[in-house]
Amino acid sequence: MVMAIAGQLRREVPISLADVTDTEKKKVLAVLDTNFLSRGPIIQEFEERLSAYLGIPYVIAVNNGTAALHLSVKSLGISNDDEVITTPFSFVSSSNCLLMEKAKPIFVDIDPETYNINPSLIESKINSRTKAILPADIFGYPCEMDKIREVAEKYNLPIIEDSCEALGAEYNGKKVGGESTLSVLSFFPNKQITTGEGGAIVTPRRDLAELCRSMRNHGKPDSKVAYTERMGYNYWMNEINAALGVAQIDRIEEILSRREDIAERYIEKLSSLEEVTLPVKNTQNKKRSWFVFVIGVEESKRNQIMTYLQNNGVGCREYFPTIHLQPLYTNQFGYKRGDFPIAERISRQTIAIPFYNKLSEEDMDYVVTQIKEALIKTQ
Ligand SMILES: *Cc1c(COP(=O)(O)O)cnc(C)c1O
């Protein structure tokens, strides 16, 4: 978007923008003419389509990714004072889902290149209270699953993989999630595909899938009966959201390749800037699915650079603030600065810049120019 302010051309480039086509709008509207606004055939279609795309047998669609995480935790019977090893560098709900069951997140530090949990730090945190490992595929980049699985198998621990940012990412040539006991997706508007709000639990295990289906539906054994047999919730995704999801899945390949294309262009345009750290590259066994575009800069300049960008119409955000230093966690668990130095350093250096399917070449150039100017101004 271009605006003339005081004779100068100033752009507004948001950090994120949903991409919904006319076909998708029609499919959503069509739902309103059916008898099913919720609990109808489209949610099932959405689950089947996702399952086929991922090559993982069971998908349970729910109302958001956080609910999907909660049911995953609950389906494994994780409760009071149980410990789960996880990452402090993630969106807060990958740990909040443990607090929901009064379980305790045990953080370990991250890898400075991939920003994902460092697998070699997991084993020393395992004890008799440890009930699971919960890694997250941060910014769409797959975790080191071979190593995480090796530790998990040694101690017979299940894995909940938070793949909310990584739909379509590949590990060892397969879509992420299938190597884990359960994995979780989100369809929030800034994710690769959206349903407005939405999420899903993905698992190869039928028993866990049935438990999650039941807990999504008030704890009823199946949707035809009226009685409840376990604690449950109303975590249904509705038909309107599911219709958008089905339509988005129809063009997921196009969406992912468009995002990859934009990321490659950013990398090209930014690669001459020595002060900017770019996202880690794919390897032979890890293929990123582009979720956000996050750059790193000198930590003492980061906030000034962000202010400059924001003042010049470039949407950007600190991404992520570490989980263990948020008041909810410092108050309850006494975590403090310095506990996870790599996650904290990365957290002080990173900035998410505008990234979405429809980002134009001109807007990208504008963003890059503003980054260059911000770097000069903060020298
Ligand atoms: C988006 C996201 C979630 C879940 O978000 P919802 O808004 O509840 O769908 C969980 N974990 C991570 C890492 C995420 O990025």
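Residues numbered from 1 in each chain as written. Predicted model: local features only at pLDDT ≥ 70, side-chain atom pairs only at ≥ 80, totals over all residues. Heavy atoms only, no water.

Q: Mind showing me how you'd approach the side chain of N190 here?
A: For N190, the location among the structural elements is in the loop between strand 10 (182–186) and strand 11 (199–203). On the accessibility criterion, N190 (16% relative accessible area) is buried. In this view, N190 contacts S16, R259, F291 and Y319; residues no more than four positions away in its chain are not counted. (Helix = DSSP H or I, 4+ residues; strand = E, 2+ residues; numbered from the N terminus. Buried < 20%, exposed > 50% of the residue type's maximum accessible area, 1.4 Å probe, protein only. Contact = heavy atoms within 4.5 Å.)

Q: Mind showing me how you'd approach the pairing of strand 4 (residues 83–86) here?
A: When a strand is regular, its side chains alternate between the sheet's two faces. Along strand 4, one buried face is formed by E83 and I85 and the opposite face, lined by V84 and T86, is buried too. Bridge count between strand 4 and strand 5 (residues 104–107): four bridges; the pairing is parallel. Each bridged residue has a counterpart across the sheet, and for T86 the counterpart in strand 5 is F107. For strand 4 and strand 6 (residues 130–134), the ladder comprises four bridges, and the chain directions are parallel. (Pairing = 2+ DSSP bridges.)

Q: I would appreciate a short explanation of unusual backbone geometry in the present structure.
A: What is expected of a backbone is that most residues other than glycine have negative phi and most peptide bonds are trans. Cis geometry is found at the peptide bond from Y319 to F320, where omega equals -10°. Phi is positive for N156, which is not a glycine, with a value near 55°. N156 gets classed as exposed once you look at its relative accessible area, which sits at 68%.

Q: Just checking my understanding: could you explain a nonpolar patch on the surface for this structure?
A: A contiguous nonpolar patch, built from L29, L32 and L37 and spanning about 290 Å² of accessible area, is present on the exposed surface. Take L37: it is sitting in the loop between helix 1 (22–31) and helix 2 (41–54). What makes L37 partly exposed here is its relative accessible area of 44%. (Patch = residues over 30% accessible without salt bridge, like charges linked within 9 Å, V, L, I, M, F, W, Y side chains within 5 Å. Areas by Shrake-Rupley, 256 points an atom, 1.4 Å probe, with all protein chains shown as cover. Salt bridge = Lys/Arg side-chain N within 4 Å of Asp/Glu carboxyl O.)

Q: Can you walk me through helix 9 (residues 299–311) in this structure?
A: Because an α-helix packs 3.6 residues into every turn, residues spaced three or four apart end up facing the same way. With 13 residues, helix 9 should reach 18 Å at 1.5 Å per residue; the first-to-last C-alpha distance of 19 Å fits that figure. Within helix 9, burial applies to K301, R302, I305, M306, Y308 and L309. The arc that holds every buried residue of helix 9, seen down its axis, measures 165°, which confines them to one face. The exposed residues of helix 9 that point more than 90 degrees off its buried face are S300 and N311. Of the surrounding elements, those touching the buried residues of helix 9 are strand 14 (317–318), helix 11 (341–349), strand 15 (350–353) and helix 12 (361–377). Looking at the residues trailing helix 9, positive phi occurs at G313, about 80°. (Expected span 1.5 Å × (residues − 1). Arc of directions from axis to C-beta.)

Q: Quick question: what am I supposed to make of the packing of helix 9 against helix 12 here?
A: Helix packing geometry: the angle between the two helix axes and the distance between the axes. Packing of helix 9 against helix 12 leaves a shortest axis separation of 9 Å and a crossing angle of 135°. The pairing of helix 9 with helix 12 is recorded here as oblique in orientation. As helix 9 packs across helix 12, the resulting crossing turns out to be right-handed. Between helix 9, through I305, Y308 and L309, and helix 12, the contact on the second element is made entirely by Q370, I371, E373, A374, L375 and K377. For the contact of helix 9 with helix 12, the residue count by class is six nonpolar, one polar and two charged. (Axes fitted to C-alpha atoms, helices over the stretch in contact; angles between N-to-C directions. Parallel < 35°, antiparallel > 145°, perpendicular 65-115°, else oblique. Left-handed = near helix turned anticlockwise from the far one by under 90°. Nonpolar A, V, L, I, M, F, W, Y, C, P; charged D, E, K, R; others polar.)

Q: Even after reading the chapter, I still don't get the site of the ligand, so can you show me in this structure?
A: Around the ligand, a shell composed of 14 residues is seen, among which T66, D162, E165, S186 and K191 lie nearest. With respect to the ligand, the side chain of D162 contributes an N or O atom lying 2.7 Å from a nitrogen atom. Residue E165 places a side-chain N or O atom 2.6 Å away from an oxygen atom belonging to the ligand. Contact with the protein chains hides 92% of the accessible area of the ligand, taken as 390 Å² for the molecule alone. (Near = heavy atom within 4 Å. Polar contact = N/O pair within 3.5 Å; in protein donor to acceptor, adjacent residues only side chain to side chain.)

Q: I would appreciate a short explanation of the sheet that holds strand 11 in the present structure.
A: One key point about sheets: their strands pair by backbone hydrogen bonds, in either a parallel or an antiparallel sense. Reading across from one edge, 3-11-10-7 is the order of the four strands in this open sheet, with mixed pairing throughout. The two strands at the open ends of the sheet, each matched to only one other strand, are strand 3 (58–62) and strand 7 (160–162). Across the sheet, the mean angle from the axis of one strand to that of its neighbour is 20°, orientation sign disregarded. Summarising the sheet, strand 10 and strand 11 pair through four bridges and their orientation is antiparallel.

Q: Teacher, can you tell me more about the pattern of salt bridges here?
A: Once their charged atoms are close, side chains differing in charge can pair, the charge on each being opposite to the other. Here the structure, examined in full by the defined rule, presents 31 salt bridges. Among the ionic pairs, E179 bridges to R149, the shortest N-O distance being 2.0 Å. Pair noted here: E179 is in the loop between strand 9 (174–175) and strand 10 and R149 is in helix 5 (residues 145–154), with a separation of 30 residues, a long-range link. The partner of R230 in a salt bridge is E229, and the shortest N-O contact between them spans 3.3 Å. Judged by relative accessible area, which is 28%, R230 ranks as partly exposed.

Q: What should I look at first to understand the packing of helix 8 (residues 252–270) against helix 12 in this one?
A: Helix 12 packs onto helix 8 with a crossing angle of 35° between their chain directions and a minimal axis gap of 11 Å. In this structure, helix 8 meets helix 12 at a crossing whose hand is right-handed. On the side of helix 8, the interface is formed by I262, R265, Y266, K269 and L270, while helix 12 contributes E361, M364, D365, V367, V368 and I371. Residue composition of the contact of helix 8 with helix 12, grouped by class: seven nonpolar, no polar and four charged.

Q: How do you make sense of the pairing of strand 13 (residues 293–296) when you look at a structure like this?
A: A two-sided burial pattern is seen for strand 13, the buried positions comprising F293 and I295 on one face and V294 and G296 on the other. Bridging between strand 13 and strand 15 involves four bridges; their strand directions are antiparallel. Residue pairing for strand 15: F293 is matched across the bridge by I353.

Q: Just checking my understanding: could you explain the nonpolar core for this structure?
A: Generally speaking, a soluble globular protein has its nonpolar side chains buried in company with each other. Y266, L270, F293, I295, I351, I353 and I371 are the most contacted members of the largest nonpolar core, which has 29 residues in total. Residue assignment for this core shows that the elements contributing at least two residues are helix 8, strand 13, helix 9, strand 15 and helix 12. The element best represented in this core is helix 12, accounting for seven residues. Contacts of I353, omitting those with residues within four sequence positions, involve I15, Y266, L270, F293, I295, G315, V367 and I371. (Core = buried A, V, L, I, M, F, W, Y, C linked by side-chain atoms within 4.5 Å.)

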